[in-house]
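Examination of the molecular architecture
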Amino acid sequence: MVRETKARTLHVHSEKSQDHSNDGEDDNKQNVSFHPHHITLKTFRNLLSHYPSTVERVHRGKMTLKLQSKASKGSKRKAETKTSAAPTTKAELDPSEEKHILEETDKFLQLDRWRYEALPKIIAERANENGQKASGPEGAHLLKEELIDIMEWKTKHGVSRPMLMGMIKSNPVATITKSTSTAFAALPEVDPVVAPNEAFPKASLDALTAPIRGVGPATASLILSIATVFGDAKKQVPFYSDDVYLWLCLMDFPEGPGSKEQKPSKHKKPNGELIAKYNINEYRDLWNASQELRARLNSGAGEQPGDGLVSFIDIERAAYVLRNIAFSDYYASQDHETGINIVKDMESANSQLPKESKSDSGELGTRRSKRIKQEAK
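Residues numbered from 1 in each chain as written. Predicted model: local features only at pLDDT ≥ 70, side-chain atom pairs only at ≥ 80, totals over all residues. Heavy atoms only, no water.

What follows deals with the overall build of the protein chain. Assigned secondary structure in the protein chain consists of 15 helices and zero strands. The 377 residues of the protein chain split such that 50% are buried. For the protein chain, contacts bridging at least 24 residues in sequence account for 72% of all contacts bridging at least 6. About 18,600 Å² of surface is accessible on the protein chain, with carbon and sulfur atoms providing 51% of the total. (Helix = DSSP H or I, 4+ residues; strand = E, 2+ residues; numbered from the N terminus. Buried < 20%, exposed > 50% of the residue type's maximum accessible area, 1.4 Å probe, protein only. Contact = heavy atoms within 4.5 Å. Areas by Shrake-Rupley, 256 points an atom, 1.4 Å probe, with all protein chains shown as cover.)

So this is what it looks like as structure tokens:
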């Protein structure tokens, strides 16, 4: 295992008294704090509860804007052929397009559930059947079609980068199987609270990023996150998502219901792209910050009936709601048009990214049918 020479102390704040004293703040959402050093467990769980509706609204908004954009361009071209035609206004969607939006949104939500629920179970079953430390593909591993679906989820859930999908598809089946098997087997056994430097999964990240085209530290962390949902909690790995990095490392989060009127984030380029290098050092910062937040929140978890421990997936989902809070129903006063504008800004930014290419249609039809059958077993 590659070990870092420079140690970093993981500060764990057990602020139970502070958390309990602030529990009442959630009775008035106008006054809650989303700062990662001060957010209460109650506020965190409230954010988390809005993930299902938020992810559906955001994806539906993306699909709506995509179809409206195509319709507007088509209408504009037709108008240009008629000299007397009036300027085209906002395109309306017909029933078939509305149906398409519903179908595509449903497909994505199915993919979202597969990423968070079904695939972690599949990997865990492979590990239990043949042994986590197996050196070959008989241990826990990913199939090529699963890695393709992971990349599809990543690009649809966040920023679309179809070029990465092409790179993922170019990898040989054996490379993906062997590399993921090696990475999963190399995960450290050390408790991150006791020895954060030794617990950092550097060897596992290297086993994924070096041989697999299209997999950098962020995607590698996603793969490891999915593979460590079940089993020992101290071996769980956080995903380097833009949402989590913005919240925990860049301290970029909404400050209240008036967040829609706040100035543009200083952590994004003019075209909307996140100012980040997506390297190991940045991921280490996210890893440490995630460990700290989880430990602090869990210091007060389990004290109420039905309470469970906070996971890295919980943090990931809560961060997603925070970044898209105007599109969620977290604040009853927030209107849907605000969310549409946010998605519109996201789509505009994505279209200007230099690494983007034409939209990739994906190949989910056959693979999803196989996956559904596998989940049904």
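Attention now moves to the confidence of the model for the protein chain. Chain-level statistics for the protein chain give a pLDDT mean of 78 and a share of 67% at 70 or above. With pLDDT under 50 throughout, residues 132-137 is counted as low confidence; its partners more than four residues away or in other chains account for 14 contacts. Low pLDDT, under 50, characterises residues 333-340; the predicted model gives this stretch 15 contacts beyond four residues in sequence or across chains. (pLDDT = per-residue confidence, 0-100.)

Describing two packed helices takes the angle between their axes plus the distance from one axis to the other. The contact between helix α11 (residues 242-249) and helix α13 (residues 312-323) brings their axes to 8 Å, and the two run at 85 degrees. Between α11 and α13, the interaxial angle falls into the category roughly perpendicular. Residues D242, D243, V244, L246, W247 and L248 of α11 form the contact with α13, whose own contacting residues are I315, E316, A318, A319, Y320, L322 and R323. Counted by class, the contact of α11 with α13 contains nine nonpolar, no polar and four charged residues. (Axes fitted to C-alpha atoms, helices over the stretch in contact; angles between N-to-C directions. Parallel < 35°, antiparallel > 145°, perpendicular 65-115°, else oblique. Nonpolar A, V, L, I, M, F, W, Y, C, P; charged D, E, K, R; others polar.)

With that out of the way, let us pick up the environment of L246. Tracing the backbone through its elements, the reader meets L246 in helix α11. As a C-alpha pair, L246 and A319 span 73 residues in sequence and 8.4 Å in three-dimensional space. In contact with L246, not counting residues within four places along its chain, are M251, D252, H267, K268, L274 and R323.

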